[in-house]
Amino acid sequence: MKKRMSIVTALIMVFALLLTACGEPAVNTDTSDNPASSAATTPVSTAVTTEEKEETPDLPSPEDLGFDGQELTILVWKIAARTGVTDNDDFYDENDVHMEGEAVYDAALERQRTIEEKYGVTIKTEVTSDNVHTKYLNSYKSGDAKWDIIAPMINHVPSLIIEQTLLEIGNLEYLDPTKTYWDQDLLSSLAVDGKNFVLTGEISTMDEELNICVAYNQTVGEEVGIDPYPYIENDKWTIDVLSELAKVATKDLDGNGKMDKTDRFGLADNHSSAITFIQAAGERYATLNSNGVPEITVNAPRAIQVIEKINALYNDPTIAATITSGPTKIYASWAELNQSMVDGLICFRPANIYNLKQYIQMEDVFTVLPMPKLEEDQEKYYHVVLTNGCAGYCVPANTDRTEFISVMLEELAYYGRKLIKPAYYESYVNARLTNDETTSKMFDIIFATKMYDIGYMFNWGGMQAAVAKSIETGNTASNLDGIMNAAKTALQETYDSIHEAIN
């Protein structure tokens, strides 16, 4: 079935390098004990649904605010030139390329017009694939900054904080960060010294696009008699279950006794991209303590357990195919791996959601699953947002229009939930993936369990590379011990710079 389916100078250099720090770039980036017991797809029932609690901004009336005739200007970073394939057209720029009739674009335009008419204002957005961080910083320093809101890559925000060019969101009178249309985990996980300078949430779809999932070839699953949905429904979807199901799906198709790229693999990925299984287990590379000071936690016992388990999985040639050297090396490049996915030769593929666009031409039925837990009794599923690709929303420090900007941010997020989120689901579920209720529920689970990781964002001491090396070669304790002093030193330098800038 055909489906249409990231001191100051040094920090800036590090943030730019993070774009390619995770293997494939983030942005170019049971009902039975027998895992093979069910050949049919089982509908999933879950408490998380797309029907959000109706929550509206607590704002004065437009008449009382009196914004008539004002203009809101926004500078937004986008991943790349739009092709009509991706549906993250969530801000309207009259000078940008759009696809008429594309669901998210139409919803973005409706949101803009609704807010403009409600308040008698004009919204002008500049959407660019250029470096928003650099463009804004140069403009700010020259005194020519012309935007009310900027949306740089989240990984670039700390250097703007250190340069003292951003307003702390607590100074925005009408912005209520406790509203659920703002990503709550971002606010708690990235607030150094308890202060926030960046937001995202329903204002945009990038925190959905730059999230992690497991791409699943449902046609292959049904062919070999496996069904992951009962495990997910019963909160038993774990790394061990993924391994078991993937093993069943692996097959030497030509029967020559040698596995190669013409054969089918249960799981395909690269060791360097498997580093997000740590967050899927509810662990983080670093966390903020009760005083808002970051502390490295990638070497916590559970995190190490995850690394060792993924090392075993990704180096098992009866299950996995990878790009890196080692016993599971099959593909010479990401292009080869992705083509094998399109050709129906891969059953499970951990990936970020933005990159699913590569599979829209698949003939097989293709859908998404949550990332697996470490163990069944883990509190919930977790899905890390890739801050080296996701934009966040900030306000210039020198603005004198905080009342106006705070109201506009609230309305953009509220109408993002009301208009853009349903269009995003429609676009994905109806145009990219298998069109059924189960796929929507998988997205519900993924998006309701978004999380952010300050250690993953800064990558102090090369933690990501150390974890990737451990997944590829083992020797986890040695690899992490080898970078820990450098990581702690880099963390302290970063914290001291941010602390000095904001206090």
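Scroll up for the structure.
Everything numeric here is computed off the predicted structure, so don't read it as measured data.

**Structural notes on the overall build of the protein chain**
Step number 1: What the protein chain contains, in helices and strands, is 18 helices and 12 strands.
Step number 2: For the protein chain, buried positions account for 61% of its 503 residues.
Step number 3: Split by element, the accessible area of the protein chain, about 18,700 Å² in all, is 47% carbon and sulfur.

**A word on the nonpolar core**
Step number 1: Counting 159 residues, the largest nonpolar core has Trp237, Phe348 and Leu356 as the members making the most contacts within it.
Step number 2: Looking at this core, the element that brings in the most residues is helix α14 (residues 402-432), giving 15 residues.
Step number 3: For Leu356, the residues in contact, after removing those within four places along its chain, are Cys213, Ala215, Ala351, Phe366, Val368 and Tyr428.

**A look at empty space enclosed by the protein**
It is a probe the size of a water molecule, rolled over the atoms, that shows where empty space is left.
Step number 1: In this structure, the second largest cavity encloses a volume near 150 Å³.
Step number 2: Taken together, 16 residues form the lining of the second largest cavity, with Val157, Pro158, Ile161, Leu190 and Val198 sitting closest to its centre.
Step number 3: Within the residue set of the lining of the second largest cavity, elements represented by two or more residues are α5 (157-162), α16 (454-458) and α18 (476-502).
Step number 4: Here the residues of the lining of the second largest cavity are counted per class, giving 14 nonpolar, one polar and one charged.

**Focus: the sheet that holds strand β8 (residues 320-321)**
Step number 1: Strand order in the open sheet made by the five strands is β8-β5-β9-β4-β10, with mixed pairing throughout. Only two strands of the sheet have a single partner each, and these edge strands are β8 and β10 (366-369).
Step number 2: Note: strand β4 (residues 212-217) against strand β9 (residues 346-352), five bridges, orientation antiparallel. Bridge pairing in β9 places Cys213 opposite Ala351.

**Focus on the side chain of Lys373**
Step number 1: Considering the arrangement of structural elements, one finds Lys373 in the loop between β10 and β11 (383-384).
Step number 2: Take Lys373: its relative accessible area is 1%, and that puts it in the buried class.
Step number 3: Once residues lying within four places of it in the same chain are set aside, the contact partners of Lys373 are Asp235, Trp237, Thr238, Ile239, Ala280, Gln378, Glu379, Lys380 and Tyr381.

**Digging into helix α17 (residues 463-473)**
Side chains of residues three or four places apart in an α-helix project in the same direction, reflecting 3.6 residues per turn.
Step number 1: Buried residues of α17: Met463, Gln464, Ala466, Val467, Ala468, Ser470 and Ile471, and no others.
Step number 2: Contacts made by the buried residues of α17 are with α11 (277-280), β7 (294-296), α12 (301-314), α16 and α18.
Step number 3: Looking one or two residues beyond α17, the residue adopting positive phi is Gly474, at roughly 85 degrees.

**Examining the pairing of β4**
Step number 1: Across the six residues that make up β4, a large majority, six, are buried.
Step number 2: Residues Ile212, Val214 and Tyr216 line one face of β4 and the alternating positions Cys213, Ala215 and Asn217 line the opposite face, and both faces are buried.
Step number 3: Pairing analysis gives four bridges linking β4 to β10, with the strands arranged antiparallel. Across the sheet, the residue bridging to Val214 is Leu369, located in β10.

**Considerations on the packing of aromatic side chains**
For any pair of aromatic rings, geometry is given as the distance between the ring centres together with the angle between the planes.
Step number 1: With the rule as written, the count across this model stands at 17 aromatic pairs.
Step number 2: Measuring from ring centre to ring centre gives 6.1 Å for Phe277 and Tyr314, while their planes differ by 80 degrees; the resulting arrangement is edge-to-face. Remark: Tyr314 occurs in helix α12 and Phe277 occurs in helix α11; sequence separation between them is 37 residues.
Step number 3: Aromatic ring contacts, followed pair by pair, group Tyr181, Trp182, Tyr414 and Tyr415 into a single cluster.

**Re the environment of Asn291**
Step number 1: In this fold, Asn291 is placed in the loop between β6 (286-288) and β7.
Step number 2: On a C-alpha basis, the gap between Asn291 and Gly194 in space is 7.1 Å, while along the polypeptide they are 97 residues apart.

**Structural notes on the pattern of salt bridges**
Step number 1: Applying the stated rule across the entire model yields 20 salt bridges.
Step number 2: The partner of Lys261 in a salt bridge is Glu336, with the nearest N and O atoms 3.0 Å apart. Of this pair, Lys261 sits in the loop between α10 (239-249) and β5 (265-268) while Glu336 is found in helix α13 (residues 334-342), placing the two residues 75 residues apart along the sequence.
Step number 3: Taking relative accessible area as the criterion, Lys261 reaches 40% and is therefore assigned partly exposed.
Step number 4: Each of Glu55, Glu202, Arg417 and Lys421 takes part in salt bridges that share partners, so that together they form one network.

**With respect to the packing of α17 against α18**
Each pair of packed helices gets described by two things: the angle between the helix axes and the distance between those axes.
Step number 1: Between α17 and α18, the shortest axis-to-axis distance is 9 Å and the interhelical angle comes to 170 degrees. The orientation of α17 relative to α18 falls into the category roughly antiparallel. Contact residues: α17 offers Met463, Ala466, Val467, Lys469, Ser470 and Thr473, while α18 offers Thr476, Asn479, Leu480, Ile483 and Ala487.
Step number 2: Of the residues in the contact of α17 with α18, the class split is six nonpolar, four polar and one charged.

Cut-offs used in this document
Residues numbered from 1 in each chain as written. Predicted model: local features only at pLDDT ≥ 70, side-chain atom pairs only at ≥ 80, totals over all residues. Heavy atoms only, no water. Helix = DSSP H or I, 4+ residues; strand = E, 2+ residues; numbered from the N terminus. Buried < 20%, exposed > 50% of the residue type's maximum accessible area, 1.4 Å probe, protein only. Areas by Shrake-Rupley, 256 points an atom, 1.4 Å probe, with all protein chains shown as cover. Core = buried A, V, L, I, M, F, W, Y, C linked by side-chain atoms within 4.5 Å. Contact = heavy atoms within 4.5 Å. 1 Å grid on protein atoms, 1.4 Å probe; cavity = no way out; pocket = protein on both sides within 12 Å on 5 of 7 lines; lining within 4 Å. Points joined across faces, edges and corners; volume = space filled by probe spheres on them. Nonpolar A, V, L, I, M, F, W, Y, C, P; charged D, E, K, R; others polar. Pairing = 2+ DSSP bridges. Phe/Tyr/Trp six-rings, centres within 6.5 Å; stacked < 30°, edge-to-face > 60°. Salt bridge = Lys/Arg side-chain N within 4 Å of Asp/Glu carboxyl O. Axes fitted to C-alpha atoms, helices over the stretch in contact; angles between N-to-C directions. Parallel < 35°, antiparallel > 145°, perpendicular 65-115°, else oblique.

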